[in-house]
Amino acid sequence: MGEPASEGRETTRPGRGLAIASLAIGASGLTLALATWAAWLIIRPALLSAWVFSWVVQAFVLVLGALWFALLPISVLALVFGVCAGARTQPGFGRIGTTLAVITALLALSGAAVFATTSWRQVGPPGAYFDTKTRAPR
């Protein structure tokens, strides 16, 4: 009669679901960050030498840049979930998810910086396509 209701029941940590969510989001974010870097390293050299498909490649590079910027809030979400799950005090899924989130954030920040500072001078079709002169040369 005077016993607490929680006796005899198995108790779980309150942040177990947040830790699993942090791990899942951190792992998927890291996978996407690595795939984006791999695609960038494959496409970027071709972008500098190809002019036939340069508009298609340029659009692809813009999508890769957008992915790097989209990975930043994803990594912050995984980091917040991991910290709320007790990653600083208890080892487990929360700490692993937090570590993956930090690595994802570093990859996304470096990718966003590379994207923002890349020279775009050699991108696009030759200038002859934009020649508006209709007269024959003298």
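Participant: Tell me about the overall build of the protein chain, and name the residues and values.
Facilitator: Looking only at helices and strands, the protein chain features three helices and zero strands. Per-residue burial for the protein chain yields a buried fraction of 30% across its 138 residues. Summed over all atoms, the accessible surface of the protein chain reaches about 9200 Å², with 69% contributed by carbon and sulfur.

Participant: Which residues make up the nonpolar core, and what values do they have?
Facilitator: Trp37, Trp40, Val61, Trp68, Leu71, Leu107 and Phe115 are the most contacted members of the largest nonpolar core, which has 15 residues in total. Among the elements of the structure, helix H1 (16-49), helix H2 (54-84) and helix H3 (93-117) are those that each provide at least two residues to this core. What Leu71 contacts, discounting residues up to four positions off in sequence, is Gly29, Leu32, Ala33, Thr104 and Ala108.

Participant: Describe in detail a nonpolar patch on the surface, supporting the description with residues and values.
Facilitator: Taken together, the side chains of Leu79, Val83, Val102 and Leu106 define a hydrophobic patch exposed on the protein surface, amounting to about 300 Å² of accessible area. Relative accessible area serves as the criterion here: at 55%, Leu106 is assigned to the exposed category.

Participant: Can you lay out the packing of aromatic side chains for me, pointing to particular residues and giving the numbers?
Facilitator: A full pass over the atoms with the stated rule returns four aromatic pairs. When the centroid spacing of 5.0 Å and the interplanar angle of 55° are considered together, the rings of Trp37 and Trp68 count as tilted. Remark: Trp68 occurs in helix H2 and Trp37 occurs in helix H1; sequence separation between them is 31 residues. Here Trp37 matches Trp68 in class, with each residue buried. For the pair Trp40 and Phe115, a centre-to-centre distance of 6.4 Å together with 75° between the ring planes defines the contact as edge-to-face.

Participant: Could you give an account of the side chain of Thr36, naming the residues involved and the relevant values?
Facilitator: Assignment of secondary structure puts Thr36 in helix H1. For Thr36, a relative accessible area of 2% puts it in the buried group. The residues touching Thr36, leaving out its near neighbours within four places in the chain, are Leu64, Leu67 and Trp68.

Conventions we followed
- Residues numbered from 1 in each chain as written.
- Predicted model: local features only at pLDDT ≥ 70, side-chain atom pairs only at ≥ 80, totals over all residues.
- Heavy atoms only, no water.
- Helix = DSSP H or I, 4+ residues; strand = E, 2+ residues; numbered from the N terminus.
- Buried < 20%, exposed > 50% of the residue type's maximum accessible area, 1.4 Å probe, protein only.
- Areas by Shrake-Rupley, 256 points an atom, 1.4 Å probe, with all protein chains shown as cover.
- Core = buried A, V, L, I, M, F, W, Y, C linked by side-chain atoms within 4.5 Å.
- Contact = heavy atoms within 4.5 Å.
- Patch = residues over 30% accessible without salt bridge, like charges linked within 9 Å, V, L, I, M, F, W, Y side chains within 5 Å.
- Salt bridge = Lys/Arg side-chain N within 4 Å of Asp/Glu carboxyl O.
- Phe/Tyr/Trp six-rings, centres within 6.5 Å; stacked < 30°, edge-to-face > 60°.

That's the geometry; what it means functionally is another story.
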